[in-house]
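Each chain, letter by letter, is given below.
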2 protein chains.
Amino acid sequence: MEKKGLLIVISGPSGAGKSTVCKALTKKNKFWISVSATTRAPRKGEVNGVNYYFLTEEDFKDKIKNNNFLEHAEVYGNYYGTPRSQVLKAIEEGKDVILEIDIQGALMVKEAYPEGVFVFILPPSMEELKKRIINRGSETSESFTTRFNSAYREINYVSKYNYVVINDTVDNAVRNIESIIMAEKCRVDRVKDEILNP
Amino acid sequence: MEKKGLLIVISGPSGAGKSTVCKALTKKNKFWISVSATTRAPRKGEVNGVNYYFLTEEDFKDKIKNNNFLEHAEVYGNYYGTPRSQVLKAIEEGKDVILEIDIQGALMVKEAYPEGVFVFILPPSMEELKKRIINRGSETSESFTTRFNSAYREINYVSKYNYVVINDTVDNAVRNIESIIMAEKCRVDRVKDEILNP
């Protein structure tokens, strides 16, 4: 029996630093990286099937209807989505797949693939989150408050996840995620059948 | 709120090499090591409260009655047990506690403390288990068969555990257990309260 790969979903509130952590993680380790689909126009140099699958809005909406996405979202009038069949095929072939997505997307993936490993990235403190949001350049105190409150609200979704990783330093966060992946591969639920029916 | 320590139970069939793995693990990492109680006579050089708590059979049986042990067993007419209050106190103080015990004992600990981390150590293959049992010196093929069948039966208890670690090399097994401990400290169930009610 071929051993399945893991689907590792890296998510969390904005300002937690999930992209930085993911970049460092995928640089150090071999993962299968999913190519997203989008309806936005290709930018100069972007290649279909490499950077994105570029779809018309009609195609995209058909694929939503046919349940072809693990998750999808509309951002500023453009659609983005994670193709379901490719990700599931990679997992079946024993490859570990990393998805870096926002909380809304992660919850959709969990619905579709609950056996995934859902990791919530947090800033080291609310103080630090404040700083990071300020550094991103909210001009008015009102827009800061909106952003901060939204990030604060998002933290309540932590209970839908399996793991919390505090992003105090990128190295620590990466080391924790590597341990989580190693540990998940030892979970009885994942290896029991192989052991009892070799 | 003080962060609780973990109770890590290292267990598995005889011949899997759990003592060797535990020795290497506790040499590299700082754990709180539980001192067992026993009714057997102290050997030369053994110190009460250091190597064991030496108890009379009457005392031991009283303690069983009063539910003072996390687990206990009778081996060749002597009693052995893990004192409950000490282990729980260490955990409350944030110390990680390692217990290396047989499957029967591990199941008793799980009953008493289900939030523990239960790790099942396995030899790399049934062939290897055969070799290890033979190397321990079963004289007759009958006693070999008995031992092998017993170890084989014990493997069915794997589903009561959280993790399986294949002891192909001691280094790999230790690295896996270290990852499991690191990952468990990130589990949402363990840190959720701290994050949502800081």
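The structure we're discussing is the one just above.
From a predicted model like this one, the values you see are computed outputs, not experimental measurements. (Residues numbered from 1 in each chain as written. Chains lettered and ligands numbered in written order. Predicted model: local features only at pLDDT ≥ 70, side-chain atom pairs only at ≥ 80, totals over all residues. Heavy atoms only, no water.)

(A) Layout of the packing of aromatic side chains. Counted according to the given criterion, the structure contains 10 aromatic pairs over all chains. When the centroid spacing of 5.9 Å and the interplanar angle of 50° are considered together, the rings of Y52 of chain B and F54 of chain B count as tilted. Each member of the pair Y52 of chain B and F54 of chain B is classed as buried. Ring-pair connections join several aromatic residues into one group, and the members of that group are Y52, F54 and Y80 of chain A. (Phe/Tyr/Trp six-rings, centres within 6.5 Å; stacked < 30°, edge-to-face > 60°. Buried < 20%, exposed > 50% of the residue type's maximum accessible area, 1.4 Å probe, protein only.)

(B) How the structure looks around the side chain of K18 of chain B. With respect to the helices, strands and loops of the structure, K18 of chain B is situated in helix α1 (residues 18-28). When sequence neighbours within four positions are dropped, the list of residues in contact with K18 of chain B reads I10, S11, G12, P13, E100, I101, D102 and I121 of chain B. (Helix = DSSP H or I, 4+ residues; strand = E, 2+ residues; numbered from the N terminus. Contact = heavy atoms within 4.5 Å.)

(C) Inspection of the side chain of R187 of chain B at higher detail. For R187 of chain B, the location among the structural elements is in the loop between α7 (170-184) and α8 (188-196). It turns out R187 of chain B is buried and unbridged, and the closest side chain with the opposite charge, D189 of chain B, is 4.1 Å from it. Apart from residues lying up to four places away in sequence, R187 of chain B is in contact with N162, Y163, E184 and R187 of chain A together with Y163 of chain B. (Lys, Arg positive; Asp, Glu negative; His and termini not counted. Salt bridge = Lys/Arg side-chain N within 4 Å of Asp/Glu carboxyl O.)

(D) Spotlight on the interface of chain A and chain B. Facing 24 residues of chain A, the contacting portion of chain B comprises 24 residues. Together, the buried faces of chain A and chain B total about 2,100 Å²; carbon and sulfur atoms form 72% of this surface. Seen at the junction of chain A and chain B, the total is 0 salt bridges. Joining chain A to chain B, the criterion identifies 6 residue pairs in polar contact (both at pLDDT 80 or more). For the side of chain A that touches chain B, the elements supplying multiple residues, two or more each, are β9 (163-166), α7 (170-184) and α8 (188-196) of chain A. The element that contributes the greatest number of residues to the side of chain A that touches chain B is α7 of chain A, accounting for 7 residues. (Buried area = accessible area lost by both parts, 1.4 Å probe. Polar contact = N/O pair within 3.5 Å; in protein donor to acceptor, adjacent residues only side chain to side chain.)

(E) Fine view of the nonpolar core. Membership of the largest hydrophobic core comes to 42 residues, with the highest contact counts inside it found for I8, V119 and I177 of chain A together with I8, V119 and I177 of chain B. Those residues within four positions of V119 of chain B in sequence are excluded, and the remaining contacts are I8, V9, I10, S11, Y161, Y163, V165 and I177 of chain B. Core analysis: the next-biggest nonpolar cluster, separate from the first, contains 24 residues, L107, V109, F118 and Y161 of chain B among them. (Core = buried A, V, L, I, M, F, W, Y, C linked by side-chain atoms within 4.5 Å.)

(F) View of the sheet that holds strand β1 (residues 7-11) of chain A. Residues and elements named next belong to chain A. Strands sit in the order β2-β7-β1-β8-β9 across an open sheet of 5 strands; the sheet is parallel. In this open sheet, the two edge strands, each paired with only one partner strand, are β2 (32-33) and β9. Pairing geometry for β1 and strand β7 (residues 97-100), over 4 bridges, is parallel. Each residue of the ladder has a partner; that of L7, found in β7, is V97. (Pairing = 2+ DSSP bridges.)

(G) Summary view of helix α1 (residues 18-28) of chain A. All names here are of chain A. Those residues of α1 not exposed but buried are K18, V21, C22 and L25. Around the axis of α1, the buried residues are gathered within 95° of arc, so they sit on the same side. α1 presents K23 and K27 as exposed residues on the side facing more than 90 degrees away from its buried surface. Turning to α1, the residues buried within the fold contact β1, β7, β8 (117-122) and α7. (Arc of directions from axis to C-beta.)

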